[in-house]
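Take a look at the letters that make up each chain.
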Amino acid sequence: MSSRKTTVALLALIAVGCGDNTADSATATLGTSTGTSPTSTGTTAAPTTDAPTTSTSDSGTASQTGTGTPTTSTSTSTTTGTTDPGVETATTTTTAATTSASTSTSTSTSSDTTTGQSCQDSGGGDIDFSFLWVANSGENTVSKVDTINIQEVGRYRVQPPNVPGGSPSRTSVNLAGDMAVANRCNLQEPVPMGCAGVTKIAARVEDCVDKNGDGVITTSTGTNDVKPWDQDECVLWHTPLQARSNRPVAWTAGTLDPVTCERVGVDVWTATSNDGNNGSVKVYLLNGDTGAIEQEVVVQGWQGDGYAVYGGAVDSHDDFWFVGGYSNQLGHVRRDDFSYEVIPSPGTPYGTMVDSKDRPWLLNGQLNRYDPLTQSWQTKPCPFPCTSITQDGDGNVWVGGVAFQDNPIRLIKVDPETMETIGMITSTDIPEIGNSWGLATDVEGYLWAVEMGTRAFKIDRTDYSYQFFQNISSMYTYSDMTGFGLKNVVPM
Ligand SMILES: [Ca+2]
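Along every chain, residues carry numbers that run from 1 in the direction the sequence is written. Where totals are concerned, whole chains, interfaces and linings use all residues; where local detail is concerned, this predicted model gives features only for residues with pLDDT of at least 70, and gives and counts side-chain atom pairs only at 80 or more.

1. Overview of the overall build of the protein chain
- Helix and strand definitions here come from DSSP, where helices need a minimum of 4 consecutive H or I residues and strands a minimum of 2 consecutive E residues; each element is numbered from the N-terminal end. Helix and strand counts for the protein chain come out as 3 helices and 30 strands.
- Exposure in this text rests on C-beta crowding, where 20 or more other C-beta atoms within 10 Å of a residue's own make it buried, 12 or fewer make it exposed, and counts in between make it partly exposed. The C-beta atoms are placed from the backbone. A total of 492 residues make up the protein chain; the buried ones form 54% of that total.
- In the protein chain, of all internal contacts separated by at least 6 residues, the share reaching a separation of at least 24 is 59%. By the convention adopted here, residues make contact when the C-beta atoms placed from their backbones lie within 7 Å.

Set out below in structure tokens:
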């Protein structure tokens, strides 16, 4: 089999085998690429085309900018000849179709000035905060796993009963240890309100709320102790959303108050399909304390069919970077004024992160790294079907993926600058490990490779020794599920 065919087969495998674990028509669009309107097709991935490579044309300078309007939708950014930014012909469309500005609102909170020397890092770096938050998608719960003892210490409902949808996947952890998770919904339009939505859970008992005033915090203590909806006092809020797809979730770092040493302005980004309008998507900033929608930005010029937006992460400015749902595009909404840009990407997204130098990465069979300063992409092939990504405290990028046929590679270590593979973990090192859909670094520096299945591997990245957490439920999470990714980008 030629390498080209191999790549194609791998991508087809990814499209079918992984994707989000609920099969739906959108999985099929991966293989088609090349500008065909994915809404039309429900067919399986065509093995003759190869999404990441065919629709390349990199030199991703083409970006369209626009400004999001405060609060509600409306469009503003009437971009010119844009459309499908992810689909080839990237080089030409250098629009910059800004229109009206959002101005006002936004109290630009630039951190730099307040790096209080007297304040210890408020959480995130503390060993007490070492939890892995994984979603048990099929049962609408999230598990809190102690990464030191490799033990599940809490399990929580994240969707009200009797509401269709749910299906949580991506989780995000803030610098105080709090977790937010997005419910994907995954139903066909039209969907009811609450099919999608975001739920926040506190990590520390002292951050939970004694809602019934009995002087005790009632909360889950482990796997077999799941409280009824609204009775776990560490589940702090739930914000229902009406969308067929709600995937990315990413906490902001906020700013450090030098007096109280508390972080303030800690909010949550999420994004959804814009049901009824597949030429756009919605990005939300939710108030971290209340879950209220602080801002809604309709991002125009986005190929928003299918999964619409697949994942996202913040940079050191608390800006939100997000990737297409199997479509070759990268989005960016700025925290200070909610303006945005849509950037064609040279490869199809699956996993994504922002590295310690504020560069978004996206990957799915190929590594793609975007440099916002030069507005350019760098790409490298993966020696196996790569899907998931994290960066460790030494700067090394780790990439997980699909165990494919007789390829022994399970994880690779990548130089963050050259993007060359500088190490690998194989099936000889860890015979039990299969597909690592999710990858994260914990506070002690261990890697966590999470299956779409029941095992999460804790791996020593120096000698590759390992243990694993055995869940009773099937997990599916590949976002910043420990909070290390956020800590990694925040200037401390
Ligand atoms: Ca109570």
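2. Thoughts on the pairing of strand 21 (residues 366–371)
- Of all 6 residues that make up strand 21, 5 are buried, and the element is covered over most of its length.
- Relative to strand 21, strand 20 (residues 360–363) runs antiparallel, the two sharing 3 bridges. For W361, the partnering residue across the bridge sits in strand 21 and is R369.
- Two strands are counted as paired when DSSP detects at least two bridges linking them. Hairpin remark: strand 20 followed by strand 21, antiparallel, with 2 residues in the connecting loop; positive phi at G365, about 90°.

3. Some details on the pairing of strand 23 (residues 386–391)
- In terms of burial, strand 23 is largely enclosed, as 6 of its 6 residues are buried.
- In terms of strand pairing, strand 23 meets strand 24 (residues 397–401) through 5 bridges, oriented antiparallel. Paired with C386 across the bridge in strand 24 is G401.
- Counted along the chain from strand 23 to the antiparallel partner strand 24, the turn is 5 residues long, and its residue G395 has a positive phi close to 95°.

4. With respect to unusual backbone geometry
- Going from E189 to P190, the amide bond is cis rather than trans, its omega being -5°.
- Positive phi is not limited to glycine here, since N186 has a value of about 65°.
- Following the sequence through the fold, N186 ends up in the loop between strand 6 (179–183) and strand 7 (196–201).
- Positioned with a positive phi, Y464 is a non-glycine residue whose angle comes to about 65°.

5. Re the sheet that holds strand 23
- Spatial strand order, 23-24-25-26: 4 strands in an open sheet with antiparallel pairing. The sheet is open, and its two borders are formed by strand 23 and strand 26 (421–426), each paired with just one other strand. The sheet shows a mean angle of 25° between the axes of neighbouring strands, direction not considered. Only the stretch in contact is used when a helix axis is fitted, and all axes are lines through C-alpha atoms; the angle between N-to-C directions ranges over 0 to 180 degrees.

6. Looking at the confidence of the model for the protein chain
- Think of pLDDT as the predictor's per-residue confidence, scored from 0 to 100. Looking at the protein chain, pLDDT values average 80 and 74% of them are 70 or higher.
- Contacts for the low-pLDDT stretch residues 21–116, under 50 throughout, to residues beyond four places or in other chains number 223 contacts.

7. What to know about the environment of M179
- Relative to the helices and strands, M179 is located in strand 6.
- Since 26 C-beta atoms lie within 10 Å of it, M179 is described here as buried.
- Taking C-alpha positions, M179 is 8.5 Å from G483, a pair spaced 304 residues apart along the chain.
- Excluding residues that lie within four positions of it along the chain, M179 makes contacts with W133, T171, S172, V173, K200, I201 and A203.

8. Re the sheet that holds strand 13 (residues 280–287)
- In space, the 4 strands of this open sheet follow the order 9-12-13-14, with antiparallel pairing throughout. Only two strands of the sheet have a single neighbouring strand rather than two, namely strand 9 (246–251) and strand 14 (293–300). Here the average twist between neighbouring strands, direction ignored, is 20°.

9. Observations regarding the nonpolar core
- As used here, a nonpolar core is made of buried Ala, Val, Leu, Ile, Met, Phe, Trp, Tyr and Cys residues. They are joined through C-beta atoms within 7 Å. Counting 100 residues, the largest nonpolar core has V134, V399 and W448 as its most contacted members.
- Setting aside residues no more than four positions away along its own chain, V399 makes contact with L363, C382, C386, S388, I389, L411, I412 and V414.
- One finds C185, V191, A196 and A243 within the second-largest nonpolar core, a separate group that totals 6 residues.

10. A look at the environment of A313
- Tracing the backbone shows A313 in strand 15 (residues 309–314).
- Residue A313 is classed as buried on the basis of its C-beta count, with 28 C-beta atoms lying within 10 Å.
- In this structure, A313 is in contact with A250, W321, T352, M353, V354, D480 and G485, ignoring residues within four places of it in sequence.

11. A few points about the environment of E432
- Residue position: E432 is located in the loop between strand 26 and strand 27 (438–441).
- A tally of 11 C-beta atoms within 10 Å means that E432 is categorised as exposed.
- Residues E432 and R455, spaced 23 residues apart in sequence, show a C-alpha to C-alpha distance of 9.5 Å.

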